[in-house]
Amino acid sequence: MIVLGIGGSTHDFSACLVVDGVVAVAVEEERLSRIKHHSLEQLAIGEFRLRAVDYCLDALDLTLGDVDVIVANDLVHRGALRGLRDVRKVDHHLSHAALVSYLCPDPDLALLVIDGFGSMKSNEAEIVSYFVAGNDRWPRLVHREYGAVRRLDPSRPFSWKNFDVVDDSLGELYSWVTRRIGFGLHDEGKTMGLAPLGSDALTEQLQETVRLDSIGGVRFDATTRAALDELMPIPPEQGEDWCVRADYARAAQDLLELALLRRANDLCDRTGARNIGLGGGVFLNSAANRRILREGPFSGIALHGATGDSGTAIGAALLAYADMTGRTPEPGVVVYTGREYDDRQIRDELQQTSGIEWHEGDPTDRAARALATGQIVGWFQGGSEFGPRALGNRSILADPGAAGMKDRINRVVKHRESFRPFAPSVLIERQAEVLDSATEGFFMCVNAQVRPEILNRLECATHIDGSARYQSVGPETNIRYHRLMTRFAEITGTPALLNTSFNDSEPIVETPKEALASFLRTDIDCLAIGDHFVTKTGAQ
């Protein structure tokens, strides 16, 4: 059976194909449109249907007529479903939960789903959902909470143009603080990164203002928002002086972590499950996930890197497959779901690009030696990752201990704020040497503390508080990346690399052409693309 899943809501649209219970291909629309998060306004562009749909069909040499069923979560805007008929609809939070429950190998799982908001009905939207999964891994609802949907103009009917906010949503509250700091839509990760630079001056006041309760609920209504306006006035422009805004971020982060810990405790009390699965965009917050893992009542934690709305394409498709066949989808670590580009396609792009020269053959050794001498390496291999993190196929890499490397990449490659941290990829077999956690983290969604004795060798991939949003790398998940890291460790003794997404203020590169363009317009020193090691003409 072939299932086409469509993900997103009013942003982060995506598509996937599940074939006989296995995720065969998946991609986010932003990777193809080159518009970050590809939000609702971009759907006005007159394409016949999402590029992601045709990408998935082309990757498997299929047509829409070969698809047995099309499914989407019920919050996906109708504009993202153009050109598709008879689309089955699935509850939004259920789609988030299914992404985790079907791919996790452990059936003893309680699931916590929290985001900005989910499915809507009668002027309300779901804001928190608890599920439990049994041997068949179907997520069964245990508890749900709703928030009132507020309109910009209450006298007019609801539309997305007339949408304001959803009350009492923890995700909406964190987003509100993000915008108050001065960051943009979908910039909550910046708030998490800024928080360790702040003091706890506002932490207690914020928790009192939103009336954080014993199970993690918050009040975020019109009255509360007015009080927040007074507690957190719009800060003055301060350039790179982040003091006031960092205090806002710290207060929001402290609130989020405490609320989620209380939610985890409540979920355990209601279900008695051994492990917790996390779904929804709130759980892109790796610092909060660490606290759930370390301080929560569960033995283990499961989540997918695409825990935001794009991941609902896979969740909804797996639900449809299970519902229509009565069979349980195949569990596993689903990371690299993009199509692969062969040597001919890569060589064609190289030959059409001026200002470069290259060596053919496995680039692993050359790349490892370049990294060991302090160079920044673009790494483009295999199929692209699904989700917001680069995980060793569309990555910019560097020595995490090289002096000044963090500032250099932020300034001349990523062109972003100086406080923003980078993350390490760590050899899984040597993770205990580097981190205080043995938990496998394939998606960079959980933090750990870097061990003091190795901190100087990971300084540029460690945040100011000593934490790192790490990726565990083993030969089973990415053999070439593992081989590169192993060779780098042989040369330097460091079993980790600084790994950041292959982009510059744009979506992560998808194609060889985009990789070469990003390489040439930034200060990346060299590029390993397929079986080619590329340098800029005249570079030493």
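Up top you'll find the structure we're talking about.
Since the model is a prediction, treat every value here as computed from it, not as a measurement.

## Let's talk about the nonpolar core
Item 1. Grouped together as the largest cluster of nonpolar side chains are 66 residues, with contacts concentrated most on Leu-112, Leu-260 and Ile-276.
Item 2. When residues of this core are assigned to their parent elements, the largest contribution, twelve residues, is made by helix α8 (residues 243-271).
Item 3. Not counting residues up to four positions away in its chain, the partners in contact with Ile-276 are Leu-109, Ala-110, Leu-112, Ala-264, Leu-267, Ile-292, Phe-298, Gly-300, Ile-301 and Ala-302.
Item 4. Judged by nonpolar contacts, the second largest core, of 51 residues, contains Phe-13, Ala-15, Val-87 and Leu-527.

## Comments concerning the pattern of salt bridges
Item 1. All chains considered together, the criterion is met by 36 salt bridges.
Item 2. Here Arg-291 ties to Glu-295 by a salt bridge, and the two come within 3.0 Å at their closest N and O atoms. Of the two residues, Arg-291 and Glu-295 are both situated in helix α9 (residues 286-295); the distance of four residues between them amounts to about one turn of the helix.
Item 3. The class for Glu-295 is partly exposed, based on a relative accessible area of 47%.
Item 4. The salt bridge partner of Asp-362 is Arg-483, with a shortest N-O separation of 3.2 Å. Here the residue Asp-362 occupies a position in the loop between β13 (356-360) and α12 (364-372), and Arg-483 occupies one in helix α15 (residues 479-492), the gap between them amounting to 121 residues.
Item 5. Exposure remark for Asp-362: the relative accessible area of 40% places this residue in the partly exposed category.
Item 6. On the basis of relative accessible area, Arg-483 is assigned to the partly exposed category, the value being 37%.
Item 7. Here the residues in one salt-bridge network are Arg-34, Glu-506, Glu-514 and Arg-521, joined through shared partners.

## Structural notes on the packing of aromatic side chains
Item 1. Throughout the structure, instances matching the rule amount to nine aromatic pairs.
Item 2. Their ring planes at 80° and their centres at 6.2 Å tell us that Phe-158 and Phe-163 sit as a pair that is edge-to-face.
Item 3. Residue Phe-158 is classed as partly exposed on the basis of its relative accessible area, which comes to 33%.
Item 4. Accessibility expressed as a relative area gives 16% for Phe-163, which makes it buried.

## Examining the sheet that holds strand β19 (residues 471-473)
Item 1. With respect to topology, eight strands assemble into an open sheet ordered β13-β22-β21-β14-β15-β20-β16-β19, the strand pairing being mixed. At either end of the open sheet lies a strand with only one pairing partner, and these are β13 and β19. Put simply, the sheet's adjacent strands are angled 30° from each other on average, direction ignored.
Item 2. As judged from the four bridges shared by strand β14 (residues 377-380) and strand β15 (residues 394-398), these two strands associate in the antiparallel manner. Looking at the pairing, Val-377 lines up with Leu-397 of β15.
Item 3. Here helix α11 (residues 343-351) sits on the sheet in contact with β13, β21 (526-529) and β22 (532-536), set at roughly 15° to β22.

Reading guide: rules and limits
- Residues numbered from 1 in each chain as written.
- Predicted model: local features only at pLDDT ≥ 70, side-chain atom pairs only at ≥ 80, totals over all residues.
- Heavy atoms only, no water.
- Core = buried A, V, L, I, M, F, W, Y, C linked by side-chain atoms within 4.5 Å.
- Buried < 20%, exposed > 50% of the residue type's maximum accessible area, 1.4 Å probe, protein only.
- Helix = DSSP H or I, 4+ residues; strand = E, 2+ residues; numbered from the N terminus.
- Contact = heavy atoms within 4.5 Å.
- Salt bridge = Lys/Arg side-chain N within 4 Å of Asp/Glu carboxyl O.
- Phe/Tyr/Trp six-rings, centres within 6.5 Å; stacked < 30°, edge-to-face > 60°.
- Pairing = 2+ DSSP bridges.
- Axes fitted to C-alpha atoms, helices over the stretch in contact; angles between N-to-C directions.

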